[in-house]
Amino acid sequence: MIALKEIDHRNWQECIKLKVKKEQEHFVPSNLYSLVQAKYQNTEYYSFVPFAIYLDETMVGFIMWDDVPNNGVYVIPRLMIDEQYQGKGIAKRVLQTAIDIIKQKKDCKGIQVSYEPDNVAAQRLYASLGFKRNELKSKTDGPVVELKIK
C-alpha cells in the first residue's frame, strides 16, 4: 500500500539517502536540497510541503508540492522514486494520491508539473494521468504540463 507521510525528525535522514539512477541525477535535485528548500524558501509565494513516499513500511520516494497556488494552480516541483523501486508503478500511484489530495482544496483549478525535455518516463507518466502541455508556461529548459481540475 502506498502512503504519504510527513518528513520529520524521525525519517529525514532516511529520506536524504534515497537516490535515483545515476543517469537520472540531472532530472531532479537531491532530497537534501528539496528539504532545505521546503524549510527556507517559505514565503508569501511559496510554501513547499514535502512528503516521504512509503510502500507499506518502507520509504521508497519523495514528493513535494507548493501549497500556495498561482491563480488556483498548484505546482508539484519534486517527485522521485528510489532506484531500487522504479518500474513498479509507484510513481503513478503516488502522483494520483497527490492529485486527489490537492484537488480537494477549494481554490484548486489545476496542477502543474515541469520536467526535463529528455525525461521520457516523466512525459509518459504525466500524460497517462491526463496532464496536457501548457504552451504558455513551458520553458526553454523543459515543458510544463497541467491537469485541469475545474
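Scroll up to find the structure this text is about.
**Comments concerning the overall build of the chain**
Along the backbone of the chain there are four helices and seven strands. Mapped in sequence order, the helices and strands of the chain form the string β-α-α-β-β-β-α-β-α-β-β. Considering the chain as a whole, with its 150 residues, one finds that 43% of them fall into the buried category. Taking the contacts inside the chain whose residues are at least 6 apart along the sequence as the reference set, 62% of them involve residues at least 24 apart. Surface exposure of the chain reaches about 8900 Å², of which carbon and sulfur atoms provide 51%.

**Let's talk about the packing of aromatic side chains**
In the structure shown here, the tally under the stated rule is four aromatic pairs. Ring geometry for Phe51 versus Trp65: centroids 4.9 Å apart, planes at 35°, classification tilted. Placement of Phe51 in strand E2 (residues 48–55) and of Trp65 in strand E3 (residues 58–70) is noted, with a sequence separation of 14 residues between them. In this structure, Phe51 and Trp65 share a single accessibility class: buried. The side chain of Lys5 reaches across the aromatic face of Tyr54, ending 4.4 Å from its centre.

**A short note on the side chain of Asn31**
Considering the arrangement of structural elements, one finds Asn31 in helix H2 (residues 31–40). Here Cys15 takes part through its backbone oxygen, which lies 3.0 Å from a polar atom of the side chain of Asn31. Aside from chain neighbours lying at most four places away, what touches Asn31 is Cys15, Ile16, Leu18, Phe62 and Met80.

Thresholds, definitions, all that
- Residues numbered from 1 in each chain as written.
- Predicted model: local features only at pLDDT ≥ 70, side-chain atom pairs only at ≥ 80, totals over all residues.
- Heavy atoms only, no water.
- Helix = DSSP H or I, 4+ residues; strand = E, 2+ residues; numbered from the N terminus.
- Buried < 20%, exposed > 50% of the residue type's maximum accessible area, 1.4 Å probe, protein only.
- Contact = heavy atoms within 4.5 Å.
- Areas by Shrake-Rupley, 256 points an atom, 1.4 Å probe, with all protein chains shown as cover.
- Phe/Tyr/Trp six-rings, centres within 6.5 Å; stacked < 30°, edge-to-face > 60°.
- Lys NZ or Arg CZ within 6 Å of the ring centre and 35° of its normal.
- Polar contact = N/O pair within 3.5 Å; in protein donor to acceptor, adjacent residues only side chain to side chain.

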